[in-house]
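One-letter residues, chain by chain:
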Amino acid sequence: MTSFNRSTSRRLKKLTQIPSVWEGDRRPLSSPSQHSDSEAKGECILWVDYSQGVVRGMDVVASDIGPEAIVRTLMQAMEHPQSPARPARPQRIVVKDREIQFYLRGVLQDLDIAIDYAPELPLIDELFRGFADILDSQTPDLPPQYAQILREKAFAIWQAAPWEFLEEQQILSIEINKWDVGTLYASVMGMLGMEYGILFYRSEESLKQFRAAVLRDEESTEHLEEAFLKQDCLFLTFESADETDEEDDLADLPLSEIDPTFGNIHPLEGLRSVLYDEEALVILVAIESLSRFIRDHRRQLHEDIFPTLSRRYRISLPQSEESTKSIAVTVSTMPQLAAELEEMAGFGVDDREIGNLDFQSLQDDLIPEDSFLSLGVVSWEMLEYLRKGVSYHPAGEIKQVGDGLPVILIQTSRPKAKTVIERIETVGGLRAICFNPGADSFDGDRYDLGLLQTQNGELFLFGEFLDEDPIHVEARKKWNQRCKNTKGYCGLIIAKGLTGASRGNPQLRDMMALFEARSLSPKDLGIGTLQLMPQLKFE
């Protein structure tokens with residue numbers, strides 16, 4: 001058994017011993033009427049002076065923490081008690097747990113404190129009854145009868161991952177016509193890898209107003225918060241159960257570390273992470289019908305053009321006070337609304353121009369074959385030096401978020417570097433950088449193809465990477481995250497010194513040009529998987 005150091009015992013014995021009886025106990029925080037698994041809230045340790053009727057020490061610990069915790073709280077009660085009590089040592093301690101009694105007798109044997117047992121602790125019992133009343137009066141985040149099934153449906157959505165192919169403006173309508181709800185308008189968040197979830201707007205007007213407000217006040221934090229609270233929607237969002245580092249993508253975490261959160265936003269109510277009975281049924285029906293729609297139309301929703309689709313489902317309702325056992329729900333895509341939202345954002349036409357409208361053919365003669373190539377990042381400080389010291393071609397205003405600007409670095413000889421730079425400048429500069437899937441039909445290998453798109457729409461191959469290469473997989477993961485941080489901005493650096501001492505590690509003096517550009521996804525590019533043809537070129 002662990003005991004106090006002699007110095008600690010001497011220090012505690014110097015405390016004034018008062019003729020008081022202290023009660024101590026350790027009990028679960030949840031009340032008897034609550035579910036025992038309600039978020040594992042832990043246990044509360046209390047030490048009270050029964051003689052004076054005051055709490056001297058209190059702490060909340062995890063339920064699996066050992067008996068040492070009750071001693072630590074007792075030390076606080078003696079040396080640093082809660083006001084108005086003063087530091088002191090009791091004459092007698094009473095507990096209602098035999099194990100705690102025997103443990104304390106061993107630990108406190110040098111402090112001249114009597115450790116007794118009593119089946120009842122009147123003051124502590126009264127305090128814990130008060131705690132239980134407070135807990136019982138609190139509204140749970142989810143109605144208990146729907147909590148488990150809502151979490152199950154939320155995890156089904158998480159595993160379906162609709163954000164992999166649906167953008168926020170690609171709205172799905174969910175016609176319910178029940179519980180005073182007509183149609184919900186679902187907006188899927190997560191394609192940028194920052195926030196994952198689904199917003200279920202109660203009206204098309206609320207959705208449009210919020211989008212317009214965000215576009216109008218995207219630089220003002222205060223106005224954005226105001227616009228956020230004026231939404232009229234139910235929501236399902238996903239967070240890390242362990243509060244992981246902000247740079248970690250939730251999509252990389254196991255299911256056990258994902259925590260779904262439900263709630264409501266309304267202009268007059270603000271934000272609350274609590275659902276009442278009818279709201280819980282509404283969002284349950286919405287999630288279930290959406291899951292079925294995604295399952296049935298996953299292939300069509302992956303297409304480059306947002307398709308026109310509609311499907312009717314009958315959703316069973318869980319047993320409740322509702323007399324209705326099932327409800328008919330219609331889920332539909334809204335291509336026209338999606339196009340309207342894209343036009344509001346000002347990227348409908350521009351993004352199509354970046355994509356494949358100007359695509360003619362893929363060329364592989366821009367980057368010299370013997371070049372050194374790497375995916376990396378340039379710190380924001382270094383970026384300022386680069387912009388001043390090399391041939392610089394900006395792409396727009398880039399916010400400094402994350403550790404720097406993601407870049408593709410190509411190092412070759414000085415003459416070849418000049419040729420590459422001149423060719424890109426001749427066609428108006430660099431428009432975009434993309435990684436697109438490629439396949440070799442002869443040996444079955446699959447590739448991640450690095451592509452450069454110039455301002456005239458031409459595509460140039462700069463790298464071929466095997467999908468199974470772990471080094472490239474890790475580099476691509478970092479590339480994607482950094483591009484999300486910069487809202488899609490990236491860069492291409494052309495450097496000399498391939499045959500010199502700085503080969504593979506070019507210094508600032510070796511860098512000759514910086515072309516800033518936008519990062520495109522394969523879906524944005526819209527050319528599909530490229531096949532390796534017999535002449536050993538991707539076309």
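Scroll up to find the structure.
What counts and what doesn't
Residues numbered from 1 in each chain as written. Predicted model: local features only at pLDDT ≥ 70, side-chain atom pairs only at ≥ 80, totals over all residues. Heavy atoms only, no water. Pairing = 2+ DSSP bridges. Helix = DSSP H or I, 4+ residues; strand = E, 2+ residues; numbered from the N terminus. Axes fitted to C-alpha atoms, helices over the stretch in contact; angles between N-to-C directions. Contact = heavy atoms within 4.5 Å. Core = buried A, V, L, I, M, F, W, Y, C linked by side-chain atoms within 4.5 Å. Buried < 20%, exposed > 50% of the residue type's maximum accessible area, 1.4 Å probe, protein only. Phe/Tyr/Trp six-rings, centres within 6.5 Å; stacked < 30°, edge-to-face > 60°. Polar contact = N/O pair within 3.5 Å; in protein donor to acceptor, adjacent residues only side chain to side chain. Salt bridge = Lys/Arg side-chain N within 4 Å of Asp/Glu carboxyl O.

Examining the sheet that holds strand E6 (residues 172-178)
Ordered by their spatial adjacency, 8 strands build an open sheet running E11-E10-E9-E8-E7-E6-E13-E12, and the pairing between neighbours is antiparallel. Looking at which strands have only one partner, the edges of the open sheet turn out to be strand E11 (270-272) and strand E12 (310-316). Sheet twist, expressed as the average angle between the axes of neighbouring strands with direction ignored, equals 25 degrees. Pairing of E12 with strand E13 (residues 326-333), which is carried by 7 bridges, proceeds in the antiparallel orientation. By the bridge assignment, Ser316 is partnered in E13 with Ser326. Most of the contacts of helix H8 (residues 277-301) go to E12, to which it runs at about 140 degrees, and overall it touches E6, strand E7 (181-189), strand E8 (196-201), strand E9 (233-240), strand E10 (258-266), E11, E12 and E13.

Considerations on the nonpolar core
With 52 residues, the main nonpolar core has Ile174, Ile176, Phe200, Phe238 and Phe262 as its most contacted residues. Those residues in contact with Phe262 that sit more than four places away from it in its chain are Leu142, Leu150, Arg151, Ala154, Phe235, Leu236, Ser273, Val274, Leu275, Ile283 and Ile287. Judged by nonpolar contacts, the second largest core, of 26 residues, contains Ile18, Trp47, Ala69 and Leu104.

Thoughts on the packing of aromatic side chains
Within this structure, the stated rule accounts for 8 aromatic pairs. Taking the centre distance of 5.3 Å and the plane angle of 50 degrees together, the rings of Trp158 and Trp163 count as tilted. On the basis of relative accessibility, which here comes to 9%, the residue Trp158 falls in the buried class. The buried category is assigned to Trp163, whose relative accessible area is 5%. Ring plane angle 50 degrees and centroid distance 6.3 Å describe the contact between Phe435 and Phe465, whose orientation is recorded as tilted. Of this pair, Phe435 sits in strand E18 (residues 430-439) while Phe465 sits in strand E20 (residues 459-466), and the two are 30 residues apart along the sequence. Each member of the pair, Phe435 as well as Phe465, carries the same accessibility label: buried.

Comments concerning the side chain of Asp25
Relative to the assigned elements, Asp25 resides in strand E1 (residues 17-28). In terms of polar contacts, Asp25 uses its side chain to reach the side chain of Arg27, at 2.6 Å.

A few points about the sheet that holds E1
Read from one edge to the other, the open sheet built from 5 strands follows the order E3-E2-E1-E4-E5, with strand pairing classed as mixed. This sheet does not close on itself; its edge strands, each paired only once, are strand E3 (54-61) and strand E5 (114-117). Here the strands of the sheet are splayed against their neighbours by 20 degrees on average, with no regard to which way each runs. Where E1 lies against strand E2 (residues 43-49), 7 bridges are found, and the strand directions are antiparallel. Bridging from a neighbouring strand, Glu23 pairs with Val48 of E2.

Quick notes on the pattern of salt bridges
Inspection of the entire model under this criterion finds 25 salt bridges. In this structure, the salt-bridge partner of Lys230 is Glu226, at a minimum N-O distance of 3.2 Å. The partner of Asp403 in a salt bridge is Arg482, with the nearest N and O atoms 3.2 Å apart. Taken as a pair, Asp403 in the loop between strand E16 (391-393) and strand E17 (405-411) and Arg482 in helix H13 (residues 470-485) lie far apart in primary sequence, 79 residues in all.

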